[in-house]
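# Observations on chain architecture
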Amino acid sequence: MATEKQVMVIAMDDSPHSMYALEWTLDHLFAPFGSVQPFHLVVVHARPVPISVLQLAGPAATAEIIPMMEIDLKKAALRITEKVKDLCNKKSVKEVSMDVMEGDPRNVLCEAVEKHNASVLVVGSHGYGPMKRAVLGSVSDYCAHHAHCSVMIVKKPKT
């Protein structure tokens, strides 16, 4: 009787911190097992909603900008997807799915955990200090408290 593999969700944005988290996870939790992968890997990219980006731009931004932003956000998602696929191929990880979901990363990641019935969520840490974290909010902190699975936060060394 074959048992279904557990699912690991990894958060991915365009930062070196999330790429480091993916590479660290592949090196430490996948490579040692060779072709017998311990998890089905689902890499999730939270694509911003164009209107939320426009709100940051201020009143000068108009509805004419939305289609251009939509194209740029799709290109960024495609670029991230290609980087992930390249790294997974390089590390011989074959069982990987990409899921690009639109919205706030905190909510998207918690929704992805539910959607994929994940047992582990891996997020990178941007290493913000207390002030930046208070202003910007911490995706990893939010997920650690709200995701319905174990959460592993991978920090890039400060070397």
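Residues numbered from 1 in each chain as written. Predicted model: local features only at pLDDT ≥ 70, side-chain atom pairs only at ≥ 80, totals over all residues. Heavy atoms only, no water.

## Regarding the pattern of salt bridges
Scanning the entire structure with this criterion turns up nine salt bridges. Its salt-bridge partner being E95, residue K5 comes within 2.9 Å of it at the nearest N-O pair. Of this pair, K5 sits in the segment before β1 (6–12) while E95 sits in the loop between α3 (65–90) and β3 (96–102), and the two are 90 residues apart along the sequence. For E95, a relative accessible area of 32% gives the class partly exposed. Overlapping salt bridges bring together D14, R79 and K83 as one network. (Salt bridge = Lys/Arg side-chain N within 4 Å of Asp/Glu carboxyl O. Helix = DSSP H or I, 4+ residues; strand = E, 2+ residues; numbered from the N terminus. Buried < 20%, exposed > 50% of the residue type's maximum accessible area, 1.4 Å probe, protein only.)

## Details of the side chain of T81
For T81, the location among the structural elements is in helix α3. A residue is classified by how much of its surface remains accessible, and T81, at 10% relative accessible area, is buried. Only 2.8 Å separates the side chain of T81 from the backbone oxygen of A77, close enough to count as a polar contact. Apart from residues lying up to four places away in sequence, T81 is in contact with M98 and V100. (Polar contact = N/O pair within 3.5 Å; in protein donor to acceptor, adjacent residues only side chain to side chain. Contact = heavy atoms within 4.5 Å.)

## Some points on the side chain of H45
For H45, the location among the structural elements is in strand β2 (residues 39–47). Here H45 falls in the buried class, since its relative accessible area comes to 6%. When sequence neighbours within four positions are dropped, the list of residues in contact with H45 reads M12, D13, A77, I80, D99, V100 and M101.

## Considering the sheet that holds β3
The sheet built from five strands is open, its strands ordered β3-β2-β1-β4-β5 with parallel pairing. A single partner strand is all that each edge strand has here, and the edge strands are β3 and β5 (150–155). When strand polarity is set aside, the average angle formed by the axes of neighbouring strands in this sheet is 25°. Where β1 lies against strand β4 (residues 120–125), three bridges are found, and the strand directions are parallel. What sits directly across from M8, in β4, is V120. (Pairing = 2+ DSSP bridges. Axes fitted to C-alpha atoms, helices over the stretch in contact; angles between N-to-C directions.)

## Comments concerning helix α1 (residues 16–30)
In an α-helix, one turn spans 3.6 residues; hence positions three or four apart end up facing the same way. The end-to-end C-alpha distance of α1, which contains 15 residues, comes to 20 Å, matching closely the 21 Å that a straight helix rising 1.5 Å per residue would cover. Among the residues making up α1, those that are buried are S18, A21, L22, T25, L26 and F30. Around the axis of α1, the buried residues are gathered within 130° of arc, so they sit on the same side. In this fold, the buried residues of α1 make contact with β1, β2, α3, β4 and β5. (Expected span 1.5 Å × (residues − 1). Arc of directions from axis to C-beta.)

## With respect to the confidence of the model for the protein
Summary statistics for the protein give a mean pLDDT of 86 and a share of 82% for residues scoring 70 or more. Here helix α5 (residues 130–136) is the element of the protein with the lowest mean pLDDT, 53, and β1 is the one with the highest, 97. (pLDDT = per-residue confidence, 0-100.)

## Some details on the packing of aromatic side chains
Taken as a whole, this structure holds one aromatic pair when the rule is applied. Between F30 and F39 the ring centres are 6.4 Å apart and the planes differ by 50°, which places this aromatic pair in the tilted class. When its relative accessible area of 16% is taken as the criterion, F39 is described as buried. (Phe/Tyr/Trp six-rings, centres within 6.5 Å; stacked < 30°, edge-to-face > 60°.)

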